[in-house]
Structures are given as structure tokens and as C-alpha cells.
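# Fold and contact review
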Amino acid sequence: MNLVISGRNIDITEGLRSAVEDKIGKLERYFNAGTEVHVTLSTEKSRQKIEVTIPMKGSIIRAEQTSTDMYVAIDLVEEIIERQLRKYKNKLIDKEQAAAQLSKDFLEEDAYDDEEIEIIRTKKFAMKPMDPEEACVQMELLGHNFFVFRNGVTDEVNVVYKRKGNTYGLIEPEF
């Protein structure tokens, strides 16, 4: 496993590098030797943030954690990544997919019982064409974190969603 550690608005001290290598290095048993793990440390005002991204065949394992203390954030993000890896492993085993990036020892461990996905509610609604800005207004009026709509310009189904810091994102399909 190759750790690629970078920093935004922060100098990576030996203490931080050592903490990341120790904590994230524990995940090494899950991966083959060539797997790259990208770790980005950043700071804004009093917020310390760590982002971990692990590109894998067919998907990406990613987690971010924010705290007032970078060392606490490092501890928390390692737990999140480990939990995601276990879910990913169960998905691979359930679907009998090839797991080229994961080590054989990890795959041969017993899978833990994960809750099955159960859809408990279905909603149907008419989608009138609108622009993304109007969709954001509708989302705010409904008090939701996302809103599905038909784009009036492209006539395709799009999604707007609320991001951290009162910003918005738009998802457009690409065919």
C-alpha cells in the first residue's frame, strides 16, 4: 500500500505524517502492495480536516472527517474507511465480483452480518421542467437535502443537492 500524503493550508510535520502512517497504515492488511491511498490534510480557521481516497477497480473508497484536533480526525477517518471496506467486501462476496485490489487474506475472513437494504417507502411525483436555480429554491422550500427535477434546457433528469457551507451541487447524467 502506497500512502500519498498532501496538505492544503497546512505543513505536514513529522508528527502528523507519523500519525497518518500509523493509523492509515493499519489498513494495509486489506490491500495489495500496489494500492495507492491518497490522504489530504487541510485546515480552515479552527477546523482540521482529513480526506482519504482509495481508488479501486470499479469504485472509490472515500471518507473525510473534520475536528478541532487533526489527530482526532485521523483516528475517526480510519474507523470510517475500515467500516466502508467491510461493506465493500460483503458486496463483492455477495455478487461474486473480482476483487483485484483487496488482499486474499482479507477476502477469506468471515464476512460480518450487514443490514440488508430495504426500501420502505416509494414516492411518485410529476416533474415539471425547471432550471437548476429554481430546483434549489424548491429544495429549500421542502426542507430536503436533494431535489430531483427535469432540466428545462436539456430535458434530462438532474439532481441538485445541498453541500457543506450552504453551497449547492448539480448532478447531470452523461450518456
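Residues numbered from 1 in each chain as written. Predicted model: local features only at pLDDT ≥ 70, side-chain atom pairs only at ≥ 80, totals over all residues. Heavy atoms only, no water.

So, on to the sheet that holds strand S1 (residues 2-8). Sheet strands pair via backbone hydrogen bonds, and the direction of the pair is either parallel or antiparallel. Across the sheet, 4 strands lie side by side as S1-S2-S3-S4; this open sheet has mixed pairing. In this open sheet, the two strands that pair with only one neighbour each are S1 and strand S4 (59-67). Neighbour-to-neighbour, the strand axes of the sheet open up by a mean angle of 15 degrees, direction not taken into account. Helix H1 (residues 14-25) contacts S1, strand S2 (36-44) and strand S3 (47-56) of the sheet and is inclined by roughly 140 degrees relative to S1. (Pairing = 2+ DSSP bridges. Helix = DSSP H or I, 4+ residues; strand = E, 2+ residues; numbered from the N terminus. Axes fitted to C-alpha atoms, helices over the stretch in contact; angles between N-to-C directions. Contact = heavy atoms within 4.5 Å.)

What follows covers the nonpolar core. With 26 residues, the main nonpolar core has Phe31, Val39, Leu41, Ile50, Val52, Ile54 and Ile81 as its most contacted residues. When contributions to this core are tallied by element, the ones reaching two or more residues are H1, S2, S3, S4 and helix H2 (70-95). For this core, the element with the most residues is H2, which contributes 8 residues. When sequence neighbours within four positions are dropped, the list of residues in contact with isoleucine 81 reads Leu27, Val52, Ile54, Ile61, Arg62 and Ala63. Within the second largest apolar cluster, 7 residues are counted, among which are Met130, Ala135, Phe147 and Phe149. (Core = buried A, V, L, I, M, F, W, Y, C linked by side-chain atoms within 4.5 Å. Buried < 20%, exposed > 50% of the residue type's maximum accessible area, 1.4 Å probe, protein only.)

The next thing to look at is unusual backbone geometry. Look at lysine 45: it is not a glycine, yet its phi comes out positive at around 50 degrees. Within the secondary structure, lysine 45 sits in the loop between S2 and S3.

Turning next to the environment of lysine 45. Overall, lysine 45 belongs to the exposed group, its relative accessible area being 87%. A C-alpha to C-alpha distance of 9.5 Å links lysine 45 and threonine 68, two positions 23 residues apart in sequence.

Both S1 and S2 contribute to a ladder of 7 bridges, which runs parallel. If you follow leucine 3 over to S2, its bridge partner there is valine 37. As a crossover connection, the stretch from S1 through H1 into S2 is left-handed. (Right-handed = clockwise from strand over helix to strand, strands pointing away.)

So, on to helix H4 (residues 132-142). One full turn of an α-helix is made of 3.6 residues, so residues set three or four places apart face in the same direction. Those residues of H4 lying buried are Pro132, Ala135, Cys136 and Met139. In a view along the axis of H4, the buried residues occupy a sector of 105 degrees, so they form one face of it. In H4, the exposed residues that point more than 90 degrees away from the buried face are Glu133 and Leu141. Residues of H4 that are buried in the fold lie against strand S5 (129-130), strand S6 (146-151), strand S7 (157-163) and strand S8 (167-171). (Arc of directions from axis to C-beta.)

As a further point, take the sheet that holds S6. A sheet is described by the order of its strands in space; here 4 strands give the open sequence S5-S6-S7-S8, paired in mixed fashion. Where the open sheet ends on each side, the last strands, each with one partner, are S5 and S8. Looking at chain direction, S5 and S6 are connected through 2 bridges and run parallel. Counted as the bridge partner of proline 129 is arginine 150 from S6. Sheet strands in contact with H4 are S5, S6, S7 and S8, and its direction is about 145 degrees off that of S6.

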